[in-house]
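Structural description and commentary
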Amino acid sequence: MLGVPLDLGASRRGVDMGPSAMRVAGLETRLEALGHQVVDGGNIRVEIAETQSIGRANARFLAQIAETCTRTAEAVAQALEDGMTPFVLGGDHSLAAGTVSGVAEFYRRSQQKIGVIWLDAHSDINTPETSPSGNVHGMPLAALLGLGGDSELASLGRIFGYAPKIAPENTVIVGVRDIDSAERDNLRRVGVGAVYTMREIDERGMRTVMEEAVRIAGEGTAGYHVSLDMDWIDPEDAPGVGTPVRGGATYREAHLAMEILADHGRLLSFEIVEVNPVIDEHNRTADLAVELACSAFGKKIL
């Protein structure tokens, strides 16, 4: 486990306490009860917003976020070198640029590529040129897919000196329901393998969607990284998130998705982001995050 208490990528403060909230909810103990050996690697160093320059308004704190993501990527790659499965605790979603870069770099050394399953209410594929807020937590997928080009976003996308980190045909977004108009253009332009909206989950069911997602992300890859933003889940069940959007996955749908991931056994790495204890209710969201992690790592009803 690696904590990344990063909140520089979001407007709303508080997600820096997410890693602690999940630890307090008993994450390590509950994973160990499933038979896993858990090593807590502590937290990646993150600069404090009040001590830093915001930088450009269309990509706030981008330089500091890129530095944090580089440290995260190095720690994730080292965990894989040591034979462990990286589990990153966030923090805002901009940290995913670090997690995925570390996993991609490790498998690149053996001429393999990875897939990504992005569970989120948002597509996070804005660039500084298209972002209406300038918040970098809406840009990590764009950076990982190489949309930064030679712009300032390239510092986030070119960790370890190359881009893109992932292939669009092995990238899957599940549960999206709030997409900026420019993001629609970016999704079409880059050719993301599959984008499943909540309507598709409503019409076709979570099982069908997740089975397709793992097939697409896993085709020709070593396996896949799963990035779980807690705002993917409906705020009725996960109120403590930075950017809640009504109409998300239900409690049971979320567990089913995690159980399907566990059944397939191709999970290379995992992260849970955007847990915000400041606006949570009695740590409900962090507790649900821990429950979902347990399902992803093999907990079953029977």
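Only a predicted model underlies this, so the values are computations on that prediction, with no experimental measurement involved.

1. Structural notes on the overall build of the protein
Across its full length, the protein holds 11 helices and 7 strands. The C-alpha atoms of the protein give 17 Å as radius of gyration, which agrees with the globular expectation for 302 residues (19 Å, within 12%). Overall size of the protein, expressed as C-alpha extent along the three principal axes, is 50 × 40 × 40 Å. Taking all 302 residues of the protein together, 59% fall into the buried category. Long-range pairs, those at least 24 residues apart, make up 76% of the contacts in the protein with a sequence separation of at least 6.

2. Observations regarding the pattern of salt bridges
Applying the stated criterion across every chain yields a total of 17 salt bridges. The salt bridge partner of R13 is D7, with a shortest N-O separation of 2.7 Å. Here R108 makes a salt bridge to E105, at a shortest N to O gap of 3.7 Å. With R108 and E105 both in helix α4 (residues 96–108) and 3 residues apart, this pair spans about one turn of that helix. Via salt bridges that share partners, E81, E105, R108 and R109 belong to a single interconnected network.

3. Describing the pairing of strand β6 (residues 224–229)
The element β6 is largely enclosed, with a buried count of 6 among its 6 residues. Burial along β6 is two-sided: the residues Y224, V226 and L228 and H225, S227 and D229 are all buried. Sheet topology note: the strand β3 (residues 115–119)/β6 ladder contains 5 bridges and is parallel. Bridge pairing in β6 links G115 to Y224. Pairing of β6 with strand β7 (residues 267–273) involves 6 bridges; the strand directions are parallel. By the bridge assignment for β7, L228 is matched with I272. Once the chain exits β6 it traverses helix α10 (residues 251–264) before rejoining the sheet at β7, and the crossover so formed is right-handed.

4. Digging into the packing of helix α3 (residues 62–81) against α4
Two elements in contact, α3 and α4, have axes separated by 7 Å at closest approach and are oriented at 40 degrees. When the axis of α3 is compared with that of α4, the two are oblique. In this structure, the crossing between α3 and α4 has a hand that is right-handed. For the pair formed by α3 and α4, the contact residues are C69, T72, A73, V76, A77, L80 and E81 on the first element and A97, G98, T99, S101, G102, V103, F106 and Y107 on the second.

About the thresholds
Residues numbered from 1 in each chain as written. Predicted model: local features only at pLDDT ≥ 70, side-chain atom pairs only at ≥ 80, totals over all residues. Heavy atoms only, no water. Helix = DSSP H or I, 4+ residues; strand = E, 2+ residues; numbered from the N terminus. Rg over C-alpha atoms; globule rule 2.2 N^0.38 Å. Buried < 20%, exposed > 50% of the residue type's maximum accessible area, 1.4 Å probe, protein only. Contact = heavy atoms within 4.5 Å. Salt bridge = Lys/Arg side-chain N within 4 Å of Asp/Glu carboxyl O. Pairing = 2+ DSSP bridges. Right-handed = clockwise from strand over helix to strand, strands pointing away. Axes fitted to C-alpha atoms, helices over the stretch in contact; angles between N-to-C directions. Parallel < 35°, antiparallel > 145°, perpendicular 65-115°, else oblique. Left-handed = near helix turned anticlockwise from the far one by under 90°.

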